[in-house]
Amino acid sequence: MKQEEKEAKKAEKEAKKSEKKTEDAELKAEVKELRAHLVGLQQTVREKGQPIIVLVEGWAAAGKGSLINQLISEIDPRNYNVFSPVITPESEARYPFLYPYANAIPENGKIMFYDSGWMEDCVRKYLHRDITKDEYKKRVRAVGEFERQLRDGGYLLLKLFVDISEKEQRKRITALRENFETEWRVSNDDIWQMNEHKLFEDSYESFMEKTGKVIPWHVVDGSRRALAARDALKLLVGQIDKALEEGRYVGKPFKENFPLLKMPKLSEVDLSPALTDEEYQKELKKLQNRLHELHNVIYRKKIPVILCYEGWDAAGKGGNIRRIAKPLDPRGFDVMPIASPEPHEKNRQYLWRFWKRLPRSGHVCIFDRTWYGRVMVERLEGFCSEDDWKRAYNEINEFERQLTDWGAVVLKFWIHIDQDTQLQRFNDRQNTPEKAWKLTEEDWRNREKWPQYEEAIDEMLEKTSTKNAPWFIIESNDKKYARIKALKIVVKALEEACEERLA
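Rules used throughout
- Residues numbered from 1 in each chain as written.
- Predicted model: local features only at pLDDT ≥ 70, side-chain atom pairs only at ≥ 80, totals over all residues.
- Heavy atoms only, no water.
- Helix = DSSP H or I, 4+ residues; strand = E, 2+ residues; numbered from the N terminus.
- Buried < 20%, exposed > 50% of the residue type's maximum accessible area, 1.4 Å probe, protein only.
- Polar contact = N/O pair within 3.5 Å; in protein donor to acceptor, adjacent residues only side chain to side chain.
- Contact = heavy atoms within 4.5 Å.
- Core = buried A, V, L, I, M, F, W, Y, C linked by side-chain atoms within 4.5 Å.
- Expected span 1.5 Å × (residues − 1).
- Pairing = 2+ DSSP bridges.
- Axes fitted to C-alpha atoms, helices over the stretch in contact; angles between N-to-C directions.

Trainee: If you had to explain the overall build of the chain to someone new, which residues and values would you point to?
Mentor: Of regular secondary structure, the chain possesses 19 helices and ten strands. For the chain, the spread of C-alpha atoms along the three principal axes comes to 115 × 50 × 40 Å. Going through the 503 residues of the chain one by one, you find that 50% of them count as buried.

Trainee: So what's going on with the side chain of Glu 310? Which residues, and what values?
Mentor: With respect to the helices, strands and loops of the structure, Glu 310 is situated in strand β6 (residues 305–311). Using a relative accessible area of 2% as the deciding quantity, one classes Glu 310 as buried. Side-chain polar atoms of Glu 310 contact the side chain of Arg 369, separated by 3.3 Å. Once residues lying within four places of it in the same chain are set aside, the contact partners of Glu 310 are Lys 317, Arg 369, Thr 370, Tyr 372, Gly 373, Met 376, Phe 413, Trp 414, Ile 415 and Trp 471.

Trainee: How would you summarise the nonpolar core if you had to cite specific residues and measurements?
Mentor: Counting 138 residues, the largest nonpolar core has Trp 118, Phe 207 and Trp 371 as its most contacted members. Sorting elements by how many residues they give to this core places helix α19 (residues 479–500) first, with eleven residues. If sequence neighbours within four positions are ignored, Trp 371 has contacts with Ile 306, Cys 308, Leu 351, Phe 354, Ile 396, Phe 399 and Glu 400.

Trainee: Got a sec to walk through helix α10 (residues 277–300)? Specific residues and values, please.
Mentor: Spanning 24 residues, α10 covers 35 Å between terminal C-alpha atoms, matching the ideal 34 Å at 1.5 Å per step. All buried positions along α10 are accounted for by Tyr 280, Glu 283, Leu 284, Leu 287, Gln 288, Leu 291, Leu 294, His 295 and Ile 298. Looking at the buried positions of α10, the neighbouring elements they touch are β6, α11 (317–325), β8 (364–368) and α19. Among the residues trailing α10, Lys 302 stands out with phi positive, at a value near 55 degrees.

Trainee: Could you give me a rundown of the sheet that holds strand β4 (residues 156–163), with the residues and numbers involved?
Mentor: Taken in spatial order, the five strands line up as β2-β3-β1-β4-β5 in an open sheet, and their pairing is parallel. A single partner strand is all that each edge strand has here, and the edge strands are β2 (80–83) and β5 (217–221). For this sheet, the mean angle separating the axes of adjacent strands, direction not counted, is 20 degrees. The pairing of strand β1 (residues 52–58) with strand β3 (residues 111–115) spans five bridges and is parallel.

Trainee: I'd like a description of the sheet that holds β6, backed by residues and values.
Mentor: Pairing is parallel across the open sheet formed by five strands, whose spatial order is β7-β8-β6-β9-β10. Strands at the two margins of the open sheet, each flanked by one partner only, are β7 (333–337) and β10 (471–475). With strand direction ignored, the average angle separating the axes of adjacent strands in the sheet is 20 degrees. In terms of strand pairing, β6 meets strand β9 (residues 409–416) through seven bridges, oriented parallel. In the strand pairing of β9, Gly 311 is matched with Ile 415.

Read these as spatial facts, not as claims about activity.
Here is the structure:
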């Protein structure tokens, strides 16, 4: 009887072994077939300009890196990139937390694989108490906005979470630590996660629930690498097939109730205020001295400052910016002149080129033209669809709220003049050799569309002047008055910010 039992167990073991071999062979064949399908899709993805982001999150030692290797193994390297963000301590962060992820979004027609990303960043920092509960909530909200903006801008975003059991994670981490060649791959944070498995499990599930309403999460079983590869490939090729069949997604406009400030119509603004030369020189010296002092304080307190300039052609933006920049330490500020987007900028979501130009904490960035081109030039010249520019009001409010949640002071100036003053300045430029370069055919064309631009500007001011990022209309028929008014606004805002922040 014992012999029969042994033989039965042996037969059962052999049967399971044979079954596993068959299953492995089938899995291998499926993976090969899916890879071939993915390879066949890459050219169409390029031709149709479909940008794709694959976010791979999951447990430490779950095999995220090897899964990405499985996904990219047959793709032409020119068609994809892999981004592995480094999670830095909050005390060393000098940019908004979404900054590295926004910077890494791919061009149209390319695929970007994120080896961990905003989920791991948020969860670990919150559990580490590097950020408060309120900061965590703001980041979760920002993640939802970021993902939705990508989707509405035509990106295909696939979010994967590679799951393994607590027992399997412990087994893998132990094996890595016991091998001299691989022990470096296990960080203290990985060990902490392993020992606090339930805490992390609850946090991951909560994060996925909160951020999975617009772009769903897909949990992949990481206990067997071939199975994880098969499931991930199936999801990826399935979603690419669907995206190519349906065409690039274009989000519809919607409205969130931001706390908006009441703004006058441009036609209601009194442009008569003016200063004498004596008044101007006295105020200029006093305000620039104070701004110089405040620059040292904001640097020490690591307060980022973002000044946004828009206005009519020849309204005096350049001169206004120069008077604000003059007292600043050149090591602590940048002026960003924004022209028409370059080809590589047009091939990404429109806010990308502004994410890349954000200042470090403690620095000042002055934008000469901004993201508001979306609802002015791009709107009126037909460079984007109606849905695109109508959606942009809310997207811009979200973007600016993320900046102020980070701690930035955001001030926006509309430099305003009337049509007669503009014409006079155009003629002066045209008749002054050293200034003639400032006047272009496009300036004259834009002047002919003054009523359309005024309507668009009024709507912009009405819908995007929020309490956290207000608009200020700067009366600039008299340039001296305009410069002093802008300086006063900047000085007051920085004084208030410095009083609010701890040393």
